[in-house]
Structures are given as structure tokens and as C-alpha cells.
Amino acid sequence: MDDKLFTMIFTLHSGIKGTANLSSKQVDEFIQCFKEGRRYVTVVGEEYFGINTETVSNFRVSTGRVEIWDNFSSLHKQIESEKNESITNLIKAYDGPIRAKIDCKVCGRVYVTELEYCMEKTYCSGCRNDVFLQEKVGIIRTSKGMGYLYTNERKVKQ
Ligand SMILES: [Zn+2]
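In this text the structure is predicted, and so the values were computed from the model without any measurement. (Residues numbered from 1 in each chain as written. Predicted model: local features only at pLDDT ≥ 70, side-chain atom pairs only at ≥ 80, totals over all residues.)

Focus: the overall build of the protein chain
Tallying secondary structure elements over the protein chain gives two helices and eleven strands in all. In the protein chain, the order of α-helices and β-strands from amino to carboxyl end is β-β-α-β-β-β-α-β-β-β-β-β-β. The proportion of buried residues among the 158 residues of the protein chain is 15%. Within the protein chain, counting contacts between residues at least 6 apart in sequence, those at least 24 apart form 34% of the total. (Helix = DSSP H or I, 4+ residues; strand = E, 2+ residues; numbered from the N terminus. Buried ≥ 20, exposed ≤ 12 C-beta atoms within 10 Å, placed from the backbone. Contact = placed C-beta atoms within 7 Å.)

What follows is the structure in C-alpha cells.
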């Protein structure tokens with residue numbers, strides 16, 4: 001098969017994301033199934049790829065052919081606006097003062113505080129030792145809501 005493959009990215013209702021490399025014919029077939037709410041089964045490389053399109057909340061694939069997008073422009077617009085909204089909310093929520101959970105192993109204090117912004121380093125109010133933003137941990141649930149974790153561990157340099 002000398003057909004060019006396109007990477008389709010899809011998100012299931014459960015939030016799980018997946019990708020599949022499909023030929024443009026397979027993309028058409030998938031879209032047809034998606035419209036009709038049918039299961040789609042095909043062969044990708046040496047693997048069978050099957051998906052129940054009713055469990056797919058959205059997908060995107062660019063084949064460089066406009067007509068595919070035309071059918072779904074309203075659907076895509078809706079998805080885009082929802083996505084932008086949630087991103088904006090996220091930025092709004094974390095622009096400015098942030099919540100920080102300080103987990104100090106030096107003096108054993110664990111507390112939730114507010115910082116002016118998401119700084120890389122602050123200090124423990126108990127022993128004044130430096131604590132560092134644990135970027136890898138991301139946003140965590142604290143006793144006062146979502147926030148960032150700070151511990152004595154310095155960021156590991158890659
Ligand atoms: Zn401390």
C-alpha cells in the first residue's frame with residue numbers, strides 16, 4: 001500500500017485519548033462510521049484496529065482535504081470553543097495567587113499556603129529552609145483546593 005497515512009487523534013467519552021495511523025480511505029470509512037454510530041474495524045499495519053465510534057466524543061485528523069472538515073465544521077467549532085473555554089478557565093484560575101502545599105521534610109511541617117504566583121522556590125515557614133516547586137507532580141488536590149506541591153527536593157537537572 002503506497003497510500004499516505006494520516007494520524008487520527010481521538011478522545012473517548014471516558015477522556016482516554018488514542019491515535020491511529022489511517023490511510024485517507026480509512027479516514028473516510030471511519031468518518032462514515034462515526035456519522036452512523038457504527039463500530040469501525042480495519043487493519044493498521046499488521047494490527048487490527050477496532051473502535052466503537054459511539055464511545056468517541058471527538059476526533060481530529062488532517063488529510064489536507066477540506067471536504068472532510070466541511071462535514072464536521074460545526075462539530076469541530078463546538079469542540080474548539082469548549083476546549084478554549086476550559087483552557088481559559090484554567091489560566092484564569094492559576095494566573096495570580098496560587099495555592100501551594102508545602103511538604104517540609106526538614107522540620108516535618110506540612111501546610112497549605114498562598115503564593116503571589118507560581119514561583120520555582122519559596123521557603124518553609126517553620127524552619128525557613130528552601131522548598132521547590134515539584135513541576136513534575138503538577139496540580140494536586142490540597143485541603144484548600146487545587147494547588148502546587150513544594151518540597152525540599154531540588155529540581156533534578158536532566
Ligand atoms: Zn520546614
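Continuing now.
Focus: helix H1 (residues 24-36)
The α-helix advances 3.6 residues per turn, and as a result positions three or four apart in sequence lie on the same side. Between its first and last C-alpha atoms H1 spans 18 Å; for 13 residues at 1.5 Å apiece the expected length is 18 Å, and the two agree. Among all positions of H1, only Gln26, Val27, Phe30 and Phe34 are buried. Looking down the long axis of H1, one finds its buried residues gathered within 105° of arc, a one-sided arrangement. Among the exposed residues of H1, those pointing more than 90 degrees away from its buried face are Lys25, Gln32, Lys35 and Glu36. Looking one or two residues beyond H1, the residue adopting positive phi is Gly37, at roughly 65°. (Expected span 1.5 Å × (residues − 1). Arc of directions from axis to C-beta.)

Here we look at unusual backbone geometry
Positive phi, close to 65°, is recorded for Arg128, a residue that is not glycine. Counting through the fold element by element, Arg128 comes out in the loop between strand S8 (121-123) and strand S9 (130-133). Among the residues examined, Arg128 registers 10 C-beta atoms within 10 Å and is labelled exposed.

Topic: the nonpolar core
In terms of nonpolar packing, the biggest core is built from eleven residues, these being Met8, Phe10, Ala20, Leu22, Val27, Phe30, Phe34, Tyr40, Ile51, Phe59 and Val61. Among the secondary structure elements, those contributing two or more residues to this core are strand S1 (5-12), strand S2 (17-23) and H1. It is H1 that provides the largest number of residues to this core, a total of three residues. Setting aside residues no more than four positions away along its own chain, Phe30 makes contact with Met8, Leu22 and Tyr40. Core analysis: the next-biggest nonpolar cluster, separate from the first, contains eight residues, Cys124, Tyr148, Leu149 and Tyr150 among them. (Core = buried A, V, L, I, M, F, W, Y, C linked by C-beta atoms within 7 Å.)

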